[in-house]
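Residues per chain are reported as follows:
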Amino acid sequence: MHFSSEEITALAQAEATAPRYDIYVLIHKALRAYMVDTLLVVGQLDVDDEAALAQAAGRVGELLAFCRSHLTHENQFIHPALERHVAGSSQAIAAEHVGHGQAIDALGAVVQALASCPRPARGRVARVLYQQLALFVAHNFEHMHQEETAHNAVLWAHHRDEEIAAIEGAIHASLDPAEAMLCMRWMLPHLAPAERALVLSGLRAQAPAPVFDAVLALVRPHLSADQWRRLTQDLTLGHA
Ligand SMILES: [Fe+2]
């Protein structure tokens, strides 16, 4: 799982080759950011602040729903493409998805307990939520790395880039507007500038102008002044 120093040297000196289409990279950047940010919110929670408590509980619930939906997409759209060519190649990750579903249920129960427990118990329950969410995030980070390496290796060996992009397109088409917006909220601020411009120019080409404008408005508060300036240059928006 870790690179050796020889592998890093080889990577740095390799001839430039066109990268393969990576179905995981953008959504996993979104998930990593969303998970870490939510964990920080729980760690910072003042359990005596009713509004903050409700907000944090809502935030964790929203993350859990997003994670459940994400693993369902992978099961439904990506794993069949792996299994068609290499039987059993999605088995280990699919089994981890079952475990993630159980962890999501358990975390949901802790969120419920935090929202409804007597005030003196809140601190203890909030600490359990923080610790359990941290373990969930830690496991998901290793899990996503496996998908980005082992699963991508099978996808790249047996599918052309257009076929992989078509799988991603089918996932996007299955999202309802609220989930698509949530995806943009956590993805776009945490991409490299070229990736951000690529996603947004694709959206501009495909979506109605009001949708494109709504996504820009959603994301702008989460970009630095420099990131926004770069994006407007890349998209030649002309209203930086
Ligand atoms: Fe996964």
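Cut-off values and rules
- Residues numbered from 1 in each chain as written.
- Predicted model: local features only at pLDDT ≥ 70, side-chain atom pairs only at ≥ 80, totals over all residues.
- Heavy atoms only, no water.
- Domains from an automatic or database assignment.
- Core = buried A, V, L, I, M, F, W, Y, C linked by side-chain atoms within 4.5 Å.
- Buried < 20%, exposed > 50% of the residue type's maximum accessible area, 1.4 Å probe, protein only.
- Helix = DSSP H or I, 4+ residues; strand = E, 2+ residues; numbered from the N terminus.
- Lys, Arg positive; Asp, Glu negative; His and termini not counted.
- Salt bridge = Lys/Arg side-chain N within 4 Å of Asp/Glu carboxyl O.
- Patch = residues over 30% accessible without salt bridge, like charges linked within 9 Å, V, L, I, M, F, W, Y side chains within 5 Å.
- Areas by Shrake-Rupley, 256 points an atom, 1.4 Å probe, with all protein chains shown as cover.
- Phe/Tyr/Trp six-rings, centres within 6.5 Å; stacked < 30°, edge-to-face > 60°.
- Lys NZ or Arg CZ within 6 Å of the ring centre and 35° of its normal.
- UniProt positions renumbered as here; feature names shortened; annotations may be inferred.
- Disulfide = S-S within 2.5 Å.

Quick look at the domain arrangement of the protein
In step 1: Split into domains, the protein comes out as domain 1 (5-174) and domain 2 (191-240).
In step 2: Distance between the C-alpha centres of domain 1 and domain 2: 24 Å.

Some details on the nonpolar core
In step 1: Ranked by internal contacts, the top residues of the largest apolar core, which has 54 residues, are Met35, Leu129, Leu133, Phe136, Leu188, Leu200 and Leu231.
In step 2: Contributing elements (two or more residues each) for this core: helix H2 (25-43), helix H3 (50-85), helix H4 (91-116), helix H5 (122-158), helix H7 (177-187), helix H8 (193-206), helix H9 (209-219) and helix H10 (225-235).
In step 3: Three or more residues apiece are contributed to this core by two domains, here domain 1 (5-174) and domain 2 (191-240).
In step 4: Counting residues in each nonpolar core, the second largest holds ten residues, with Ile23, Ile78, Leu82 and Ile171 among its members.

Comments concerning the side chain of Glu179
In step 1: One can find Glu179 in helix H7.
In step 2: Despite being buried, Glu179 has no salt bridge partner; Arg68 is the closest side chain of opposite charge, sitting 11 Å away.

Details of a nonpolar patch on the surface
In step 1: Taken together, Phe3, Ile8 and Leu11 make up a surface patch of nonpolar side chains, about 340 Å² in accessible area.
In step 2: As for its position among the elements, Leu11 is in helix H1 (residues 5-13).
In step 3: Classification of Leu11 by relative accessible area gives exposed; the value is 59%.

Describing the packing of aromatic side chains
In step 1: Enumeration according to the criterion identifies two aromatic pairs in this entry.
In step 2: Consider the rings of Tyr34 and Phe66, whose centres lie 5.5 Å apart with planes at 65°: the pair is edge-to-face. With Tyr34 in helix H2 and Phe66 in helix H3, this residue pair connects regions lying 32 residues apart in the sequence. This pair shows no difference in class: Tyr34 is buried, exactly as Phe66 is.
In step 3: The class of Tyr34 is buried, set by a relative accessible area of 0%.
In step 4: In textbook terms, an aromatic cluster arises when at least three aromatic residues are bridged by ring pairs, as seen for Tyr34, Phe66 and Trp186.
In step 5: The ring of Phe141 is capped by Arg32, whose NZ or CZ atom sits 5.8 Å from the centre of that ring.
In step 6: The ring of Trp186 has Arg185 lying over it, and the distance from NZ or CZ to the ring centre is 3.7 Å.

Quick word on the UniProt feature "domain: Hemerythrin-like" (unreviewed entry) in the protein
In step 1: The positions UniProt marks with the feature "domain: Hemerythrin-like" (unreviewed entry) are residues 25-149.
In step 2: Summarising residues 25-149: 87% helix, 0% strand, and an end-to-end C-alpha distance of 11 Å.

Considering the state of the cysteines
In a disulfide, the sulfur atoms of two cysteines are held together by a covalent bond.
In step 1: On inspection of all chains with the given rule, the structure shows zero disulfides.
In step 2: Cys67 takes part in no disulfide bond, and the closest cysteine sulfur to it belongs to Cys183, at a distance of 12 Å.

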